[in-house]
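A look at the structure
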Amino acid sequence: MKTITAIIRVRPGAEAAMRDALLKVAETVRASEPDTVGFFVSVDETDPCVFTTYERFRDAAARDLHNGSATVAAFFESAGPLIEGEVVLVTSDEIWAK
């Protein structure tokens, strides 16, 4: 299993717009990416400007299909101005899951 964890900080006041943008990606993943086996969106308990996604893919091809999708491109185009600093991405090989 391949995974990506993304940590995204947004500008103050952009929290609702980022939430909506991430949930739009999640809906598209649910509807059209069967080999994306998990797509989780979270917001920090103490800082509403920090969002995290945890994404699980059946294999590297599924990960690459997701990352190269029109949905992801549209997300970064529309959400880019909301982001403060760099998005932290951790791409991993999952070694255990429950």
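The present account deals with the structure reproduced in this document.

Attention now moves to the pattern of salt bridges. Inspection of the entire model under this criterion finds 6 salt bridges. For Glu 27, the salt bridge is made with Arg 30, and the minimal N-O distance between the two is 3.5 Å. Residue Glu 27 and its partner Arg 30 are located together in helix H1 (residues 15–32), separated by 3 residues, close to a single helical turn. On the accessibility criterion, Arg 30 (65% relative accessible area) is exposed. With its nearest N and O atoms 3.3 Å apart, the salt bridge here joins Asp 64 to Arg 63.

Let's shift gears to the packing of aromatic side chains. Evaluation of the coordinates by the stated rule reveals 2 aromatic pairs. Ring geometry for Phe 40 versus Tyr 54: centroids 6.2 Å apart, planes at 35°, classification tilted. Placement of Phe 40 in strand E2 (residues 36–43) and of Tyr 54 in strand E3 (residues 50–57) is noted, with a sequence separation of 14 residues between them. Under the relative-accessibility criterion, Phe 40 is labelled partly exposed at 44%. By relative accessible area, Tyr 54 is classed as partly exposed at 30%. With a centroid separation of 5.0 Å and 75° between ring planes, the pair formed by Phe 75 and Phe 76 is classed as edge-to-face. The class for Phe 75 is buried, based on a relative accessible area of 7%. Residue Phe 76 is classed as partly exposed on the basis of its relative accessible area of 40%.

What counts as what
- Residues numbered from 1 in each chain as written.
- Predicted model: local features only at pLDDT ≥ 70, side-chain atom pairs only at ≥ 80, totals over all residues.
- Heavy atoms only, no water.
- Salt bridge = Lys/Arg side-chain N within 4 Å of Asp/Glu carboxyl O.
- Helix = DSSP H or I, 4+ residues; strand = E, 2+ residues; numbered from the N terminus.
- Buried < 20%, exposed > 50% of the residue type's maximum accessible area, 1.4 Å probe, protein only.
- Phe/Tyr/Trp six-rings, centres within 6.5 Å; stacked < 30°, edge-to-face > 60°.

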